[in-house]
Amino acid sequence: MLAVAVLAAGKGTRMKSALPKVLQPLAGATLVERVLASAGNLLPERRILIVGHQAGRVEQQLSLIGGLEFVLQDPQNGTGHAVQQLLTPLQDFEGELLVLNGDVPLLRAETIDQLVATHRDSGADVTLLTARLKDPTGYGRVFATADGLVSAIVEHRDCSEQQRCNNLTNAGIYCFNWCKLAAVLPTLSTDNDQGELYLTDTVGMLDRAMHLEVLDSDEVNGINNRRQLAQCEALLQQRLKEHWMDEGVTFIDPDSCSLSETCQFGRDVVIEAQTHLRGTCRIGDNCRLGPGSLLENAVLGDGVTVLHSVINMAEVGSNTTVGPFAHLRPAAAIGDDCKIGNFVEVKKSTIASGSKVNHLSYIGDAELGTNVNVGAGTITANYDGVNKHRTVIGDDSKTGANSVLVAPITLGKSVTVAAGSTLTKNVADGALAIGRAKQMIKENWSAAKP
Ligand code: UD1
Ligand code: CA
């Protein structure tokens, strides 16, 4: 039997943020979500989150993840005090308790698997993850023998100068024999620099404490301040981009680009400088993204080009080009072989294949058929100040430059709209619609002026 507990009650004072630390985002997921994911292979019997500071907000953020139990720690009097809150909920539990600090987000699932397996093999009372760090400042130091037996963990601030020279550090990830831990938990004291109950003190109280050293010390990075947050973001970004390079994506200037974990790419995608993908993006083969683009929850077919543009919650079909300087907003669905050009904004509209909106347009709440040509400066006037209305344009229709289509309005198939028209009435298939003042000419007008 395995129970997993994540310590997520702390305020994160050193972040200087209104957001609880464990909700800080890293490559699109919060710290606590990442920590939970690192134990995702294990299929534990119980998954417990210890919450305290802004508990409601943390619970709400995680409400979509099923099977979580929340245990309140109030006040927050240290990591040992946090785990003491489990004595009641786990009073009948027998087995291992895996404790994860909520601010250690880069752990690989394989590392956690290995920790639990090592613990089960050795039969220790506790097995903890350690790493040798070049700069161990701020971390608890682990005192261990060559055969891996741990005698004590001393927090950085409680260490003597000599103890600080030990660079074997505590990652904050422990696999305990729960019954053994439960027996010593009530005896913790606050005899330390912070006056808190330290979970790390239980290690010296247990008979057999072992450690497992992680080779990639980046994995155990803890986040206490925004510098560490930025360092972890950089490491995660590097991991993500290297993964996708191995899968056939070219980055022209990887350092200037960022991805989220939930992006998927086909083969031979080229990502140019200053291009960022957030949320869940799905990008087909042979796309060229950037330079200078932001894609958020975007779904692109194959061979799509996006140049200096923003796409948010929108879909683009194969071989369509977007930009420069286009903005596709939520529920824009662009078909295959389309062109969405300069300074064009599309919102909640379907544009079927082969259609072109090349210059200076707003298309909102509209449905365009195939091979429609939207002239420069055409606007759908979709909003009457109270409600939004739909515009429908049939296949093979053309709008002239600077047309205003006042919705609700339906243009049939093969309609032509004269330049400068303001249309308020439906137009039948094949018709020409002209809705503008007749031009007048007054000959010799300037000569006649006084
Ligand atoms: C802790 C460890 C340290 C280790 C480091 C690794 C202790 C005493 N020290 O130090 O040995 O090297 O992590 O990153 O455990 N929390 C609660 N309730 C509390 C206090 C904290 O739930 O009352 C949670 C925090 O939200 C956080 C985690 O526990 O997710 C760690 O707390 P933090 O204060 O960051 O501990 P460190 O000083 O980093
Ligand atoms: Ca920490």
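In this text, all values refer to a predicted model and were calculated from it rather than measured experimentally.

S.K.: Can you help me understand the overall build of the protein chain in this one?
M.R.: A tally of regular secondary structure across the protein chain gives 9 helices and 40 strands. Its C-alpha atoms give the protein chain a radius of gyration of 30 Å, more than 25% over the compact-globule value 22 Å for 450 residues. Burial statistics for the protein chain: of 450 residues in total, 49% are counted as buried. If you take every contact in the protein chain between residues at least 6 apart in sequence, the share linking residues at least 24 apart comes to 40%. Computed over 39 positive and 50 negative side-chain charges, the inter-centroid distance for the protein chain is 11 Å.

S.K.: What am I meant to see in the side chain of T200 here?
M.R.: The residue T200 is located in the loop between helix 6 (178–184) and helix 7 (201–205) in this model. Overall, the relative accessible area of 4% leaves T200 in the buried class. The residues contacting T200, other than those within four sequence positions of it, are I153, E155, N170 and Y174.

S.K.: Sorry, what's going on with the domain arrangement of the protein chain here?
M.R.: Quoted interface sizes are often the accessible area lost when the parts come together. Taken domain by domain, the protein chain holds domain 1 (2–220) and domain 2 (249–433). Look at where the C-alpha atoms of domain 1 and domain 2 centre, and you get two points 48 Å apart.

S.K.: Any chance you could explain the site of ligand 1 here in plain terms?
M.R.: What surrounds ligand 1 is a group of 24 residues, the closest being Q73, G78, T79, E155 and N170. In this structure, N101 approaches ligand 1 through a side-chain N or O atom, which is 2.9 Å from an oxygen atom. Backbone polar atom of N170 to an oxygen atom of ligand 1: 2.6 Å apart, as the coordinates give it. In the complex, 91% of the free accessible area of ligand 1, which totals 760 Å², lies under the protein chains. Contributing elements (two or more residues each) for the shell around ligand 1: strand 1 (2–8), helix 3 (79–84) and strand 10 (168–177). Here the shell around ligand 1 is built from residues that sort into 8 nonpolar, 12 polar and 4 charged.

S.K.: Teacher, can you tell me more about the packing of aromatic side chains here?
M.R.: The relative placement of two aromatic rings is captured by the distance of their centres and the angle of their planes. In this structure the tally under the stated criterion is 3 aromatic pairs. Ring centres of Y174 and F176 lie 5.6 Å apart, and the angle between their planes is 25°; on these two criteria the pair is classed as stacked. Overall, the relative accessible area of 0% leaves F176 in the buried class. Centroid distance F325 to F343: 5.4 Å. Interplanar angle 15°. Geometry classified as stacked. Of this pair, F325 sits in the loop between strand 23 (321–322) and strand 24 (326–328) while F343 sits in the loop between strand 26 (339–342) and strand 27 (344–347); the two residues are 18 residues apart in sequence, bridging distant segments of the chain.

S.K.: Help me understand helix 4 (residues 109–122), please; the structure alone is not making it clear to me.
M.R.: Three- or four-residue spacings in an α-helix give side chains the same orientation, since the helix completes a turn every 3.6 residues. Its 14 residues place the ends of helix 4 20 Å apart at the C-alpha level, agreeing with the 20 Å of an ideal helix rising 1.5 Å per residue. Residue G123 follows helix 4 closely and has a positive phi angle near 70°.

S.K.: Explanation requested: the pattern of salt bridges in the structure shown.
M.R.: Scanning the entire structure with this criterion turns up 14 salt bridges. For R34, the salt bridge is made with E261, and the minimal N-O distance between the two is 3.0 Å. With R34 in helix 1 (residues 31–38) and E261 in the loop between strand 12 (249–251) and strand 13 (264–265), the pair connects residues that are 227 residues apart, well separated along the chain. When its relative accessible area of 43% is taken as the criterion, E261 is described as partly exposed.

S.K.: Looking at this model, I keep getting lost on the coordination of the calcium ion (ligand 2). Mind explaining?
M.R.: In an ideal tetrahedron of four donors about a metal, each angle is 109.5 degrees. In an ideal octahedron of six donors, the angles are 90 or 180 degrees. Every protein donor of the calcium ion (ligand 2) is accounted for by D103 (OD) and N224 (OD1), and the metal-donor separations fall at 2.2 to 2.4 Å. Remark: N224 occurs in the loop between strand 11 (209–213) and helix 8 (226–246) and D103 occurs in the loop between strand 6 (96–101) and helix 4; sequence separation between them is 121 residues. For the pair D103 and N224, one class covers both residues: buried.

S.K.: Where do I start with a nonpolar patch on the surface in this structure?
M.R.: On the surface, F325, F343 and L360 cluster together into a nonpolar patch covering about 330 Å² of accessible area. A relative accessible area of 42% means that F325 is categorised as partly exposed.

S.K.: Even after reading the chapter, I still don't get the side chain of E272, so can you show me in this structure?
M.R.: When you line up the elements, E272 lands in the loop between strand 14 (269–271) and strand 15 (275–278). A polar contact is formed between the side chain of E272 and the side chain of R288, at a distance of 2.9 Å. Excluding residues that lie within four positions of it along the chain, E272 makes contacts with I252, C257, R288, L289, G290 and P291.

How each quantity is defined
Every chain begins its residue count from 1, and numbering advances along the sequence as written. Written order decides the labels, with chains lettered from A and ligands numbered from 1. Two thresholds apply to this predicted model, a pLDDT of at least 70 for residue-level local features and 80 or more for giving and counting side-chain atom pairs, whereas whole-chain, interface and lining totals are computed over all residues. To get the side-chain values, take all heavy atoms of the structure and skip hydrogens and water. Comment: elements are numbered from the N terminus, with helices defined as DSSP H or I runs of at least four residues and strands as E runs of at least two. Computation of the radius of gyration draws on C-alpha atoms, with the globule rule given as 2.2 Å multiplied by the number of residues to the power 0.38. We call a residue buried when its accessible area falls under 20% of the maximum for its residue type, exposed when it is over 50%, and partly exposed in between, using a 1.4 Å probe and counting protein chains only. Throughout, a contact is declared for two residues whenever any of their heavy atoms are within 4.5 Å. Two residue types count as positive, namely Lys and Arg, and two as negative, namely Asp and Glu; His and chain ends fall outside the count. We put the charge of a Lys on NZ, of an Arg on CZ, of an Asp on CG and of a Glu on CD. An automatic or database domain assignment provides the domain bounds reported here. Any residue with at least one heavy atom within 4 Å of a molecule or strand is counted as near it. Counting of polar contacts relies on pairs of N or O atoms within 3.5 Å, with two restrictions inside protein: one atom must be capable of donating a hydrogen and the other of accepting it, and residues adjacent in sequence are counted only when both atoms are side-chain atoms. Method for areas: the Shrake-Rupley scheme with a 1.4 Å probe, in which residue coverage is limited to the protein chains shown. Here the nonpolar group is Ala, Val, Leu, Ile, Met, Phe, Trp, Tyr, Cys and Pro; Asp, Glu, Lys and Arg are the charged ones; every other residue, Gly included, is treated as polar. Only rings of Phe, Tyr and Trp enter the pairing, Trp through its six-membered ring, and a pair is recorded when the two centres are within 6.5 Å. The plane angle decides the type: under 30 degrees is stacked, over 60 is edge-to-face, the rest tilted. Helix span, as expected, comes to 1.5 Å for every residue beyond the first. Within this document, salt bridges are pairs made up of a side-chain nitrogen of Lys or Arg and a carboxyl oxygen of Asp or Glu, the two lying within 4 Å of each other. Coordination partners: N, O, S within 2.8 Å of the metal, 3.2 Å for Na, K and Ca; water not considered, so apparent gaps in a site are possible. Patch membership requires more than 30% relative accessible area and the absence of a salt bridge. Residues of like charge join within 9 Å; the nonpolar side chains Val, Leu, Ile, Met, Phe, Trp and Tyr join within 5 Å.

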